[in-house]
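# Examination of the molecular architecture
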Amino acid sequence: VIPTFTNIFRYARAASALLALILALVGCAQAPAPRSTPGPQLAATTSEARMTQVTPVASAIATTLATEPAAPPTALPSPAPTATPSAIPEPTATVTPSATPSPTQTRAPTSTPSPTPTLGPTPDGDTRALRVPVLMYHYIDLLYALAQGRALPEKPVILTFDDGYRDNYENAFPALREAGVAGTFFIITDFVTEERPEYMSWPQIQEMAAAGQQFGSHSRNHPNLAGQPVDYLVWQALGSKEAIEVKLGQTPRWVAYPSGKYDAQAIAVFKSAGFWGGLTTQQGVEHTLDDIFELKRVRVRGSHSAADLAQLLALDW
């Protein structure tokens with residue numbers, strides 16, 4: 001019995017060694033995941049009763065390990081990266097510029113054109129009063145005599161003719177030209193332009209101007225200048241002045257108020273339009289620089305004789 005048990009034990013040890021070798025070889029070749037193997041634990045048991053049972057069990061385990069491939073290790077699934085949703089940017093609101101409202105244009109009141117006046121002679125500071133019948137002679141000489149003391153003839157007279165009737169050309173002009181003297185004719189410019197038959201024409205006036213006669217404004221259409229609005233007065237002053245400038249090439253410096261009717265506003269407008277003085281229908285022969293826009297005159301009527309004229313000039317006005 002003893003030899004038999006010894007042999008069995010020897011065979012068991014050999015089987016255990018063989019099993020360990022096989023397990024080592026299998027582990028190197030397939031690198032199985034570590035697992036609990038009952039074989040070596042059973043093979044190391046020294047109990048005789050258990051050794052009897054070990055042999056067939058060990059053989060079966062060895063055969064199974066040799067024939068079955070080791071299961072590959074189960075790969076733990078990597079957690080899929082959770083995509084963090086990008087914040088969808090809200091579209092930037094495009095600010096539509098609001099249309100700038102066009103300012104309501106306030107109609108500016110029509111400004112009264114103020115022409116730059118052409119100044120006359122600069123006064124020298126002396127106050128003078130001159131007796132000059134406004135029948136004959138030239139106004140500029142009277143103005144300079146009042147403003148600067150310029151000498152006048154011994155018996156100065158200024159001749160004026162209002163309205164521009166045709167007989168000024170037919171009767172007065174030949175007599176003046178023969179005597180070698182000049183008069184001043186105040187014409188109604190619109191009436192001339194309209195070619196009214198009782199008034200002189202522009203060609204006639206141009207002929208007279210070329211011969212040395214002077215011309216002034218008697219307005220455009222002979223209105224009453226008193227109490228008129230400024231715009232209307234400007235129309236009268238500048239309209240008549242520009243017509244004479246265009247037709248004759250000379251600038252009128254004097255105005256004779258139609259029918260002798262005017263007011264302070266009419267004087268201001270004609271003065272601003274570049275006129276140097278104005279004539280009234282008031283009777284008188286004495287003048288000062290202060291009343292240069294209200295010069296007096298002596299009316300000579302068609303019925304007066306030479307004797308009547310001499311008597312008028314001798315009056316103590």
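Everything that follows concerns the structure shown earlier in this document.
Residues numbered from 1 in each chain as written. Predicted model: local features only at pLDDT ≥ 70, side-chain atom pairs only at ≥ 80, totals over all residues. Heavy atoms only, no water.

## Observations concerning the side chain of Ser240
Relative to the elements of secondary structure, Ser240 occurs in helix H8 (residues 230-248). Looking at Ser240, the relative accessible area reads 0%, which means it is buried. Side-chain polar atoms of Ser240 contact the side chain of Ser217, separated by 2.7 Å. Only 3.1 Å separates the side chain of Ser240 from the backbone oxygen of Ala237, close enough to count as a polar contact. (Helix = DSSP H or I, 4+ residues; strand = E, 2+ residues; numbered from the N terminus. Buried < 20%, exposed > 50% of the residue type's maximum accessible area, 1.4 Å probe, protein only. Polar contact = N/O pair within 3.5 Å; in protein donor to acceptor, adjacent residues only side chain to side chain.)

## As for H8
Spanning 19 residues, H8 covers 27 Å between terminal C-alpha atoms, matching the ideal 27 Å at 1.5 Å per step. Once H8 finishes, Gly249 follows within two positions and takes phi at roughly 75 degrees, a positive value. (Expected span 1.5 Å × (residues − 1).)

## Considering the packing of H8 against helix H9 (residues 264-272)
Across the interface, H8 lies against H9 with an axial gap of 9 Å and an inter-helix angle of 50 degrees. With respect to their mutual orientation, H8 and H9 come out oblique. Both H8 and H9 take part in a crossing whose hand is right-handed. Residues Val230, Leu233, Val234 and Ala237 of H8 pack against Gln265, Ala266, Val269 and Phe270 of H9. In terms of residue class, the contact of H8 with H9 is made up of 7 nonpolar, 1 polar and no charged. (Axes fitted to C-alpha atoms, helices over the stretch in contact; angles between N-to-C directions. Parallel < 35°, antiparallel > 145°, perpendicular 65-115°, else oblique. Left-handed = near helix turned anticlockwise from the far one by under 90°. Contact = heavy atoms within 4.5 Å. Nonpolar A, V, L, I, M, F, W, Y, C, P; charged D, E, K, R; others polar.)

## Some thoughts on a nonpolar patch on the surface
Among the surface-exposed residues, Val300, Leu309 and Leu313 lie close enough to one another that they form a single nonpolar patch of about 200 Å² accessible area. Turning to its location among the elements, Leu309 is positioned in helix H10 (residues 306-314). (Patch = residues over 30% accessible without salt bridge, like charges linked within 9 Å, V, L, I, M, F, W, Y side chains within 5 Å. Areas by Shrake-Rupley, 256 points an atom, 1.4 Å probe, with all protein chains shown as cover. Salt bridge = Lys/Arg side-chain N within 4 Å of Asp/Glu carboxyl O.)

## Some thoughts on the nonpolar core
Side chains that are nonpolar tend, in soluble globular proteins, to be buried together. Grouped together as the largest cluster of nonpolar side chains are 26 residues, with contacts concentrated most on Trp254, Tyr257, Phe275 and Ile292. Contributions of two or more residues to this core are made by helix H4 (139-148), H8, strand S5 (254-256) and H9. For Ile292, the residues in contact, after removing those within four places along its chain, are Leu143, Leu146, Trp254, Trp276, Gly277 and Gly278. The next biggest cluster of nonpolar side chains, apart from the first, holds 14 residues, and it includes Phe185, Met200, Met208 and Ile244. (Core = buried A, V, L, I, M, F, W, Y, C linked by side-chain atoms within 4.5 Å.)

By themselves, these figures tell us nothing about what the structure is for.
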